[in-house]
Amino acid sequence: MTVEMDSVLQGSRILPVLTVTDPATTHLLADALAAGGARCAEVTFRTPGAEQVLETMAAHGGLTVGAGTVVTRDQAERAGAAGARFVVSPGYDDEVVAKCRELRLPVVPGIATATELMRALRAGCSTVKLFPAEPLGGLRTLRALAAPFPQARFIPTGGIQDSHLASYLADPAVLAVGGSWMATATHLERGEYDEIRRLTAEAVDRSTP
Ligand code: 3PG
């Protein structure tokens, strides 16, 4: 049976999105996220060392780690080999979804319109990433898109800050909220792991009933 995204998240309602340029810092980042109470994280395929980061983070043990920004079959394959437990894409792509199904990896395609949402649902993806959530209109757009598709669950991502969290999470169509605000490029560049832990703990606190 295919594992679905809700069982991967196991009740966790925040998904830190990580773009790590220096794989050697992965342990520090994983420690900070885990100490802040995060249980899942998404490592984006936007840096040359992404696979190494994914592997190290998956081996860390404290986090369920997936791959993000997966836009090709090959990346999906490499993500699975590096230990990704789920795959996130900024858009909907038949080949990426098919490869993830073959690998039995839960896949969360990005959607921005009703047409894309219909394609994702037809392909059996009931959890989708609304991307880029805030520039698209945020919660108002999410609610309008969700209305005709009660079977869809959303992980809004893109431009989301801690201050938006409570209102997104109060919506029954929202499974979890994704974003980089807990570990931004600046935090990572400056090695601000205490701040990453603090922001993660704050988000976990806000997302826990
Ligand atoms: C993503 O890859 O999902 C987004 O780029 C993360 O969006 P954010 O950096 O605006 O949170």
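Located above this text is the structure these notes cover.
This structure is a prediction, so every number in the text was calculated from the model and none was measured.

> Can you help me understand the site of the ligand in this one?
Near the ligand you find V17, R46, K129, F131, T157, G158, G159, G179 and S180, and these make up its full shell. Backbone polar atom of G159 to an oxygen atom of the ligand: 2.6 Å apart, as the coordinates give it. At 2.6 Å, a side-chain N or O of S180 approaches an oxygen atom of the ligand. Relative to its unbound accessible area of 320 Å², the ligand is 81% covered by the protein chains. Its residues assigned to classes, the shell around the ligand comprises two nonpolar, five polar and two charged.

> Looking at this structure, I do not really get the pairing of strand β2 (residues 40-44). What am I missing?
In regular strands, side chains alternate between the two faces of the sheet. Among the five residues in β2, five count as buried, and that is most of the element. Side chains of β2 alternate between two faces, with C40, E42 and T44 and A41 and V43 buried alike. Bridge count between strand β1 (residues 14-18) and β2: two bridges; the pairing is parallel. Within β2, the residue paired with V17 across the bridge is E42. The parallel pair β1 and β2 is bridged by helix α2 (residues 26-35), and the resulting crossover is right-handed.

Cut-offs and rules
- The residue numbers shown here count from 1 along each chain, following its written sequence.
- Under the rules for a predicted model, residues below a pLDDT of 70 receive no local features and side-chain atom pairs below 80 are neither given nor counted, while totals for whole chains, interfaces and linings still include all residues.
- Heavy atoms throughout the structure, all of them, feed into the side-chain values; hydrogens and water do not.
- The nearness test applies per residue and asks whether one of its heavy atoms lies within 4 Å of the molecule or strand.
- Polar contact criterion, stated in full: a pair of N or O atoms within 3.5 Å, where within protein one must be able to donate a hydrogen and the other to accept it, and residues adjacent in sequence count only if both atoms are side-chain atoms.
- Per-residue accessibility takes into account occlusion by the displayed protein chains alone, with areas from the Shrake-Rupley method and a 1.4 Å probe.
- Nonpolar residues are Ala, Val, Leu, Ile, Met, Phe, Trp, Tyr, Cys and Pro. Charged residues are Asp, Glu, Lys and Arg, and all others, Gly as well, are polar.
- Residue exposure (1.4 Å probe, protein chains only): buried if accessible area is under 20% of the type maximum, exposed if over 50%, otherwise partly exposed.
- Secondary structure counts use DSSP, requiring at least four H or I residues in a row for a helix and at least two E residues in a row for a strand, with both numbered from the N terminus.
- A pair of strands is considered paired only if DSSP assigns at least 2 bridges between the two.
- By convention a crossover is right-handed if, when the strands point away from the viewer, the path from the first strand over the helix to the second runs clockwise.

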